[in-house]
Amino acid sequence: MSPALTVWVKGIGLWAPGAADWHAFVDVARGAASPGSTERPVADMLPPNERRRAPESVLLAAAAAGQAVRMSGLDAATLPCVFASAHGDQAITDYMCETLATAPTELSPTRFHNSVHNAPAGYWTIATRCHASSSAISGGETSFGAALLEAAALAVADECDVLLASYDIAGTGPLGEMTSSTGPFASALVLSPRPEGAAACLRISPEPGNSGMEASGDEWFDAIVASNPSAHGLPLMTALARTRSTALRIGAARGLDLHVDLAFAA
Amino acid sequence: MPHPMPPLAVRAYTATSTLGRGLAAHADALAASRGGLTPNDVSSKPLACWIGRVSGLEDSPLPGEWAEWDCRNNRLAWIALQQDGFAEAVRDARARYGASRVAVLLGTSTSSIGATEEGYRRREQGRMPADLHRPALHSPHSLAGFVAAYFDLEGPCLTVATACSSSAKVFANAERMIRLGLVDAAIVGGTDTLCDSVLFGFNSLELVSPEPCRPFDAERQGISLGEAAGFALLERVQEGDDAPLFVGYGEASDAHHMSTPHPDGLGAELALRDALARAGLAPEDVDYINLHGTASQKNDEVEAALVARTFPASTRASSTKGFTGHTLGAAGVLEAAITLLAMRDSLVPANLGAVSPDPGCGPQFAWQAEHADIRIALSNSFGFGGNNACLAFAHAGAAP
């Protein structure tokens, strides 16, 4: 079977309804706090003007990415980045399809250029002066696993630290009924091919089969997972929060899972 | 940092665009310098512009077995997969390596959004009409999902959606996965079809030309949109291989503006240097460059300056968007296929549409078709968000 990709986690970011950043999520995951109220994502790596105007997808992705990069202590300008989303900015797609159906020549140019799937990657690289490669990907319902494999492959293949940000927002309108996304969620990781300064190690191997996700029994947690394709990474984020060495499977494609061995230094 | 890459064999490749279905139709049009742009007749409301349209998609629904995936974009992908023995080559790779050892890595900018647009036009009580109640269509991943299902593949499957660099960047994804041993072969490529989102979207940005596009012409007035599908099957090079070679790639970001290129072509130059470094090439090794050359004012100005300052006069360069229009997410793979044809047929395609060259263009520009031995060639692709990619190919036996 495939060789494993070994990468180290240098930074983590997260935004969930009820946990506005990674530290809040750690407290919830460890049972030290209950989920709080839902707060607007703090995308403080974006300049104030952009932060005010940015669509929700960009805010969410940049909020998680900013936390992860800050924890890593690395310079965002040097980090290749992979932004992943199953559905992109559904609110903008809904607006576009609505406008095109009624008054197509009145389409907003700003909404149009914000509609591209790589809008968060574009705004991120502009804000951080990042000239490294940036990508925007989708893998349908298994977007998170597909993106984790892609980011880990990039880190190992090019021997570089890589920023991975995975986000989805709630769908709206007729489109919203077609997607499985009913609430926003984002998480981010800075993955490194080197162990220095990292607490956690991921060994990632593609394995045939789709094992599916089991319910955790935690109402808040399971509701988030059910609401958003990007939240399919939550079991990994929870294990990271609990600093608990474990093995888990994450769907990455049709008939393909990632087997992930998560290890912490003793 | 860039890592030198072992060349990969391009085991099979194909393209379908307004120039026709398959490589022979493209080679014929390029040899005759015959473009395929026609007046727009696809938008749901009139929009005066020229387009590169693939004829016959309306009358070619997917076969019954695949009806669930039926939409204009997947129809075009399916038609393209039937050309040039491509589907057979994929089935052969699947038989040799196994379903989980072949990746599907495809680029698109709009995927099946034409179906979503149609659903909104035909809403039933404010909801998606029953016949379009197919969630897999209303997703950026529809194209790759369809291709993986069609070939019954269970390897890594990814959609890259970085606007107009999408189907160039998937070559890089494939190289990494093959080099790391995650897979043994990868289907790369992409499909984009004409729809209201792109026609009225680019119109809203005032980037659409009222006449057939004229890349690098001093009087250029903007882009002509087109649709295309293209695919390539990448594998490790075998002993005695005579397949063309994929030898390098570069990816970089402008970090400048969402819809305007960096004024100095910074990201484009970084991608070019990255591609040359991975391939172990110098600019003077490059015989031909298929330019991004959209015929927008800014893109062409920046790209012409980059070519003029980087390459010797012996390097030939042209944009082929005057033939096909700008096929957006499919442009990377369509132009990679055209680049491979240029190498195969020793023919530098004309820079169709340019009558009075922009004075910023250097001596590298091939305004008319030229016969030349092309052993090393590049293809440039730049997208919204300042997303740049450059691919390097070599004639079999000419790997650096």
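The rules we used
- Residues numbered from 1 in each chain as written.
- Chains lettered and ligands numbered in written order.
- Predicted model: local features only at pLDDT ≥ 70, side-chain atom pairs only at ≥ 80, totals over all residues.
- Heavy atoms only, no water.
- Helix = DSSP H or I, 4+ residues; strand = E, 2+ residues; numbered from the N terminus.
- Rg over C-alpha atoms; globule rule 2.2 N^0.38 Å.
- Areas by Shrake-Rupley, 256 points an atom, 1.4 Å probe, with all protein chains shown as cover.
- Lys, Arg positive; Asp, Glu negative; His and termini not counted.
- Charge placed at Lys NZ, Arg CZ, Asp CG, Glu CD.
- Buried < 20%, exposed > 50% of the residue type's maximum accessible area, 1.4 Å probe, protein only.
- Pairing = 2+ DSSP bridges.
- Contact = heavy atoms within 4.5 Å.
- Buried area = accessible area lost by both parts, 1.4 Å probe.
- Salt bridge = Lys/Arg side-chain N within 4 Å of Asp/Glu carboxyl O.
- Polar contact = N/O pair within 3.5 Å; in protein donor to acceptor, adjacent residues only side chain to side chain.
- Axes fitted to C-alpha atoms, helices over the stretch in contact; angles between N-to-C directions.
- Parallel < 35°, antiparallel > 145°, perpendicular 65-115°, else oblique.
- Nonpolar A, V, L, I, M, F, W, Y, C, P; charged D, E, K, R; others polar.
- Phe/Tyr/Trp six-rings, centres within 6.5 Å; stacked < 30°, edge-to-face > 60°.
- Lys NZ or Arg CZ within 6 Å of the ring centre and 35° of its normal.
- Expected span 1.5 Å × (residues − 1).

### A short note on the overall build of chain A
Reasoning step 1: Within chain A, the secondary structure is distributed over 10 helices and eight strands.
Reasoning step 2: Taking 2.2 N^0.38 as the reference for a compact globule, 266 residues should give roughly 18 Å; the C-alpha atoms of chain A span a radius of gyration of 18 Å, in line with that estimate.
Reasoning step 3: Taken over the C-alpha atoms alone, chain A extends approximately 60 × 40 × 40 Å along its principal axes.
Reasoning step 4: Of the roughly 9200 Å² of accessible surface on chain A, a fraction of 51% belongs to carbon and sulfur atoms.
Reasoning step 5: Separation between the mean location of the 15 positive side-chain charges and that of the 26 negative ones in chain A comes to 6 Å.

### A word on the overall build of chain B
Reasoning step 1: Looking only at helices and strands, chain B features 11 helices and 16 strands.
Reasoning step 2: In terms of overall size, chain B behaves like a compact globule, its C-alpha atoms giving a radius of gyration of 20 Å where 400 residues would be expected to give roughly 21 Å.
Reasoning step 3: Dimensions of chain B, computed from C-alpha atoms along their principal axes, come out at roughly 60 × 50 × 40 Å.
Reasoning step 4: With 400 residues in all, chain B has 67% of them scored as buried.
Reasoning step 5: Accessible area for chain B stands at about 12200 Å²; split by element, carbon and sulfur atoms hold 52% of it.
Reasoning step 6: For chain B, the centre of its 30 positive side-chain charges and the centre of its 45 negative side-chain charges are spaced 3 Å apart.

### Things to note about the pairing of strand β4 (residues 162-168) of chain A
All names here are of chain A.
Reasoning step 1: Within β4, seven of the seven residues are buried, which leaves the element mostly enclosed by the surrounding structure.
Reasoning step 2: Alternating residues of β4 divide into Val162, Leu164, Ser166 and Asp168 and Leu163, Ala165 and Tyr167, and every residue in both groups is buried.
Reasoning step 3: Pairing of strand β2 (residues 81-84) with β4, which is carried by four bridges, proceeds in the parallel orientation. By the bridge assignment for β4, Ala84 is matched with Ser166.
Reasoning step 4: Here seven bridges tie β4 to strand β5 (residues 185-192), and the two strands are oriented antiparallel to one another. By the bridge assignment for β5, Leu163 is matched with Val190.

### Things to note about the interface of chain B and chain A
Reasoning step 1: Each side of the interface is counted separately: chain B has 68 residues, and chain A has 65 residues.
Reasoning step 2: Contact with chain A buries surface across chain B, with B:Tyr120, B:Ala255 and B:Met258 losing the most and accounting together for 14% of the total.
Reasoning step 3: Counting the contacts that link chain B with chain A gives five salt bridges.
Reasoning step 4: With its nearest N and O atoms 3.1 Å apart, the salt bridge here joins B:Asp152 to A:Arg254.
Reasoning step 5: Linking chain B to chain A there are 23 residue pairs in polar contact (both at pLDDT 80 or more).
Reasoning step 6: Sort the elements by how many residues they give to the side of chain B that touches chain A and helix α7 (residues 196-204) of chain B lands first, with six residues.

### Brief notes about the pattern of salt bridges
Side chains that differ in charge, positive against negative, can pair when their charged atoms come close.
Residues and elements named next belong to chain B.
Reasoning step 1: Summed over all chains, the structure comprises 40 salt bridges over all chains.
Reasoning step 2: For Arg72, the salt bridge identified is with Glu227, shortest N-O distance 2.7 Å. Of this pair, Arg72 sits in helix α2 (residues 72-81) while Glu227 is found in the loop between β8 (225-226) and β9 (228-236), placing the two residues 155 residues apart along the sequence.
Reasoning step 3: Assessed through its relative accessible area of 22%, Arg72 is described here as partly exposed.

### A short note on unusual backbone geometry
Across the chain, the bulk of peptide bonds are trans and the bulk of non-glycine residues have phi less than zero.
Residue and element names in this part refer to chain B.
Reasoning step 1: Here Asp84, not a glycine, exhibits a phi torsion of approximately 55°, which is positive.
Reasoning step 2: Locating Asp84 in the fold gives a position in the loop between α2 and α3 (86-97).
Reasoning step 3: Under the relative-accessibility criterion, Asp84 is labelled partly exposed at 39%.
Reasoning step 4: Positioned with a positive phi, Ala163 is a non-glycine residue whose angle comes to about 55°.

### Remarks on the environment of B:Thr315
Residues and elements named next belong to chain B.
Reasoning step 1: One can find Thr315 in the loop between α9 (297-310) and β12 (316-318).
Reasoning step 2: Relative accessible area serves as the criterion here: at 0%, Thr315 is assigned to the buried category.
Reasoning step 3: Measuring from C-alpha to C-alpha, the distance between Thr315 and Ala366 comes to 9.4 Å, with 51 residues separating the pair along the chain.
Reasoning step 4: Not counting residues up to four positions away in its chain, the partners in contact with Thr315 are Pro283, Val286, Asp287, Ile289 and Gln364.
Reasoning step 5: A distance of 2.8 Å separates the side chain of Thr315 from the backbone oxygen of Val286, its partner in a polar contact.

### Regarding the environment of B:Asn290
Residue and element names in this part refer to chain B.
Reasoning step 1: With respect to the helices and strands, the residue Asn290 is situated in strand β11 (residues 288-290).
Reasoning step 2: Residues Asn290 and Thr339, spaced 49 residues apart in sequence, show a C-alpha to C-alpha distance of 6.4 Å.
Reasoning step 3: Aside from chain neighbours lying at most four places away, what touches Asn290 is Ser318, Thr320, Glu335, Ile338, Thr339, Leu378, Ser379 and Asn380.
Reasoning step 4: For Asn290, the side chain forms a polar contact with the side chain of Thr320, separated by 3.1 Å.

### Notes on the packing of helix α1 (residues 22-29) of chain A against helix α10 (residues 234-241) of chain A
All names here are of chain A.
Reasoning step 1: Following both chains from N to C, one finds α1 and α10 inclined at 85°, their axes separated by 9 Å at the closest point. Here α10 runs roughly perpendicular to α1, going by the angle between their axes. Each of Trp22, Phe25, Val26 and Ala29 in α1 lies in contact with α10, whose residues at this interface are Leu234, Met237, Thr238, Leu240 and Ala241.
Reasoning step 2: For the contact of α1 with α10, the residue count by class is eight nonpolar, one polar and no charged.

### Overview of the sheet that holds β8(B)
Residues and elements named next belong to chain B.
Reasoning step 1: Sheet architecture is open: three strands sit in the order β3-β4-β8, paired in mixed fashion. Edge positions in the open sheet fall to β3 (38-39) and β8, since each of these has one partner strand only.
Reasoning step 2: Judged from the two bridges that link them, β3 and strand β4 (residues 50-52) form a sheet pairing that is antiparallel. Counterpart to Thr38 in the pairing with β4 is Ile51.

### Digging into the packing of aromatic side chains
Pairs of aromatic rings are described using the distance from one ring centre to the other and the angle between the two planes.
Reasoning step 1: Under the counting rule described, the total for this entry stands at 18 aromatic pairs over all chains.
Reasoning step 2: On the basis of an interplanar angle of 85° and a centroid distance of 5.8 Å, the ring pair of B:Phe171 and B:Phe393 is categorised as edge-to-face. Residue B:Phe171 is found in helix α6 (residues 166-179), and its partner B:Phe393 is found in strand β16 (residues 387-394); the two are separated by 222 residues along the sequence. One exposure class covers both B:Phe171 and B:Phe393, and it is buried.
Reasoning step 3: With a centroid separation of 5.0 Å and an interplanar angle of 20°, the aromatic rings of B:Phe365 and B:Trp367 are classed as stacked.
Reasoning step 4: On the accessibility criterion, B:Phe365 (4% relative accessible area) is buried.
Reasoning step 5: Geometry around A:Tyr95 places A:Arg111 over its ring, the cationic atom sitting 4.0 Å from the centre.

### Quick look at helix α8 (residues 266-279) of chain B
Residues and elements named next belong to chain B.
Reasoning step 1: Compared with an ideal rise of 1.5 Å per residue, which puts 14 residues at 20 Å, α8 spans 20 Å between its outermost C-alpha atoms and is within 8% of the ideal.
Reasoning step 2: Residues Gly267, Ala268, Ala271, Leu272, Asp274, Ala275, Leu276, Arg278 and Ala279 constitute the buried set of α8.
Reasoning step 3: Contacts made by the buried residues of α8 are with β10 (245-253), α9, β15 (376-383) and β16.
Reasoning step 4: Following α8 by one or two positions, Gly280 adopts a phi angle in the positive range, close to 70°.

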